[in-house]
Amino acid sequence: MPRWSRDQVLALAPDARSVAAARRLARPGTWSGLGSTDSLVWGRCQGSGKDPYQVTVDLSEPAFRCSCPSRKQPCKHGLALLLLWFEGDGSLDGVADAPGWAAPPIPRPERGARRAADGAAVADPEAQARRRAERLELMDRGLDDLERWLFDLVRGGLAAARAQPYAFWDTAAARLVDAQLPGLAERVRAAATLVAGPAGVATGGAAWAHDLLDELGLWWLAVRGWRRRDDLDEATAANLRVVLGWPRASEEVLAGPHVADRWHIVGLREDGDDRLRSQRTWLWGEATGGLHVLLDFAAAGQALRLAHVLGSVIDADLALYPGSHPRRAMVVGVPRTIEAGGHLPPGTPVEGALETLADAVATNPFCPRVPVSLAGVRVTGAARGSVVVDDGGCALPLRQTEDRWRLLALTAGRPVDLFGEWDGRHLHLCTVASENGLVGL
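Here the structure is a predicted model, which means the values were calculated and not measured.

Cut-offs used in this document
The residue count restarts for each chain, going from 1 along the sequence in the order it is written. Local features are withheld for residues below a pLDDT of 70 in this predicted model, meaning they are given only at 70 or higher, and side-chain atom pairs are given and counted only at 80 or more; totals for whole chains, interfaces and linings count all residues. With hydrogens and water set aside, each side-chain value is computed from the structure's full complement of heavy atoms. What counts as a helix is a DSSP run of H or I of at least four residues, what counts as a strand is a run of E of at least two, and both are numbered from the N terminus. When checking whether two residues touch, look at their non-hydrogen atoms; a contact exists if any pair is within 4.5 Å. To be clear on the numbers: accessible area is Shrake-Rupley with a 1.4 Å probe, and residue cover counts the displayed protein chains and nothing else. For two strands to be treated as a pair, DSSP must find no fewer than two bridges joining them. Lines are fitted to the C-alpha atoms to define the axes, a helix being fitted only along its stretch in contact, and any angle between axes, read from their N-to-C directions, falls within 0 to 180 degrees. Take the buried residues of types Ala, Val, Leu, Ile, Met, Phe, Trp, Tyr and Cys, join any two whose side-chain atoms come within 4.5 Å, and each joined set is a nonpolar core. Note on exposure labels: buried denotes an accessible area under 20% of the residue type's maximum, exposed denotes more than 50%, and partly exposed covers the range between, all computed with a 1.4 Å probe on protein chains only. Pairs of N or O atoms are called polar contacts if they sit within 3.5 Å, as long as, within protein, a hydrogen donor faces a hydrogen acceptor (for residues adjacent in sequence, only side-chain-to-side-chain pairs). Grid points spaced at 1 Å over the protein atoms alone were grouped into cavities, where a 1.4 Å probe fits but cannot get out, and pockets, open sets with protein on both sides within 12 Å along at least five of seven lines, with lining residues defined by an atom within 4 Å of a point. Grid points are joined across faces, edges and corners, and a volume is the space filled by probe spheres set on the points. All residues other than Ala, Val, Leu, Ile, Met, Phe, Trp, Tyr, Cys, Pro, Asp, Glu, Lys and Arg, Gly among them, are scored as polar; the first ten of these are nonpolar and the last four charged.

Student: So what's going on with the overall build of the protein chain? Which residues, and what values?
Tutor: Secondary structure assignment for the protein chain yields 13 helices and 17 strands. Of the contacts made within the protein chain by residues no fewer than 6 positions apart, 62% connect residues no fewer than 24 positions apart. Of the roughly 21,700 Å² of accessible surface on the protein chain, a fraction of 54% belongs to carbon and sulfur atoms.

Student: Provide a residue-level description of the sheet that holds strand 1 (residues 31-36), including the pertinent values.
Tutor: The antiparallel open sheet is built from 4 strands, whose spatial order is 1-2-3-4. Looking at strand neighbours, the two that pair on one side only are strand 1 and strand 4 (63-66), the edges of this open sheet. Here the strands of the sheet are splayed against their neighbours by 10° on average, with no regard to which way each runs. Bridge count for strand 1 against strand 2 (residues 40-45) is 4 bridges, and the pairing is antiparallel. The residue of strand 2 that forms the bridge with Ser-32 is Arg-44. Across the sheet, helix 3 (residues 76-87) is in contact with strand 1, strand 2, strand 3 (53-58) and strand 4; its angle to strand 3 comes to roughly 60°.

Student: I'd love a proper account of the nonpolar core, names of residues and values included.
Tutor: Nonpolar side chains tend to gather and get buried jointly when the protein is soluble and globular. Ranked by size, the top nonpolar core spans 35 residues in total, and within it Trp-149, Trp-169, Leu-184, Trp-219 and Leu-244 carry the most contacts. Of all elements in the fold, only helix 4 (125-156), helix 6 (166-178), helix 7 (182-196), helix 9 (207-227) and helix 10 (234-244) reach the threshold of two or more residues within this core. Looking at which element gives the most residues to this core, the answer is helix 9, with 9 residues. With residues near it in sequence (within four places) discarded, Leu-184 still touches Leu-143, Leu-146, Leu-176, Trp-219, Ala-222, Val-243 and Leu-244. Ala-22, Leu-25, Cys-68 and Leu-81 belong to the second largest nonpolar core, which has 24 residues in total.

Student: Quick one: what's the story with the pairing of strand 16 (residues 427-434), residue by residue and with numbers?
Tutor: Taken across its 8 residues, strand 16 has 6 buried, putting it largely inside the fold. Bridge analysis of strand 15 (residues 416-422) against strand 16 gives 5 bridges, and the strand direction is antiparallel. Across the sheet, the residue bridging to Trp-422 is Leu-427, located in strand 16. What sits between strand 15 and strand 16 in their antiparallel hairpin is a turn of 4 residues, with Gly-424 showing a positive phi close to 95°.

Student: Would you mind going over the side chain of Glu-147 in detail, with residue names and values included?
Tutor: Examined against the element boundaries, Glu-147 turns out to sit in helix 4. Overall, Glu-147 belongs to the buried group, its relative accessible area being 14%. A distance of 3.0 Å separates the side chain of Glu-147 from the side chain of Arg-227, its partner in a polar contact. Those residues in contact with Glu-147 that lie beyond four places of it in its chain are Trp-220, Val-223, Arg-224 and Arg-227.

Student: Describe in detail the sheet that holds strand 16, supporting the description with residues and values.
Tutor: The antiparallel open sheet is built from 6 strands, whose spatial order is 14-13-12-15-16-17. Edge positions in the open sheet fall to strand 14 (395-397) and strand 17 (437-440), since each of these has one partner strand only. On average, adjacent strands in this sheet sit at an angle of 40° to one another, irrespective of strand direction. As judged from the 4 bridges shared by strand 16 and strand 17, these two strands associate in the antiparallel manner.

Student: Quick rundown of empty space enclosed by the protein? Include the residues and the values.
Tutor: Counting across every chain of the model gives 1 cavity of 30 Å³ or more. As a volume, the largest cavity reaches approximately 40 Å³. Counting only elements with at least two residues in the lining of the largest cavity, the list comes to helix 4 and helix 6. Looking at which element gives the most residues to the lining of the largest cavity, the answer is helix 4, with 4 residues. Residue composition of the lining of the largest cavity, grouped by class: 4 nonpolar, 1 polar and 2 charged.

Written out as structure tokens, the structure reads:
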């Protein structure tokens, strides 16, 4: 039976919404008629209709079949079934023999996999190449459509764009999802809130227009970069792939470069909405000095799978995703040792944070924020909000939602070391170094 991991299952999802929906459905109470063999998993999932959806997953491709009307492939029901199978350690107790409706999703002569001598599934290179070509063609059409939409939007003017209803943005995002471009789709949906939601209204003046123009420029850059993808270096192509929302399989990451070190957990940052939560865990290498980030996702109401403790130290190997700094990583296996007593990486004055962001954007213009470690800075108030100031008088504005009073209570106006994420406009604080260790914010 092929070996799977949760990351492998979630990497098959066409977008983040499918991940969140699948996690909610991956509960035995939602399913009936479950069963599995070495190569096939099946079950019925009760949806909004009268009859349960009939779901089948062929593990050797993998290939999915579901009677639901969703156009996504795989749909949330197929992903949920695969998650249930994974949680059951590769088996599902229930129906012993596959029912008639649970035939393999693809006729056996056409299936894109073969069996090795030991019975393990081996991907068919021709089938992989065919699926990749189909996806590239779909993405090409989706980005051509986005280009025309951008022309129309700019021709009408940003003021007219602000007057558009949410459906204007959501429809464009839905077309990007259909074109397997979920990363861009999320950015387009976020633009609706940027220009017309509470955040956009609160900025006042023309700030929303500047922000929207920045976003449009990045979308245009993604379109032009995709057209020249064959000329891009490996890191730049990987950065573009992240923006578009094309995930990588775990095997591909594990086959790449590894870094072994004692990793200090120096920052945790959670984001999300009522559908999906995400957490970034920042690791600093004691010997290598590298800063890498682990990403974890969970549907609303569910616990994040990776329970990292701020200030702890793990001795582990990290597999690095392709791309530019700061690079995403994956922990290989189980950390060999876990202990307390971690500390922040060597800090710099405010000027160092500005240089860090400049270097990151020079190699990856899509970089949303960079990790920065600041040494000997004070937290103080200002006319437009709180700031951190170094001995030279240089300051960085804090995000308005930061808890200013808690910061003042922790620092008492004294110089402290801080760790956070700098996005070019605001510092999103993660950690304060105190006498008793690292304190999360």
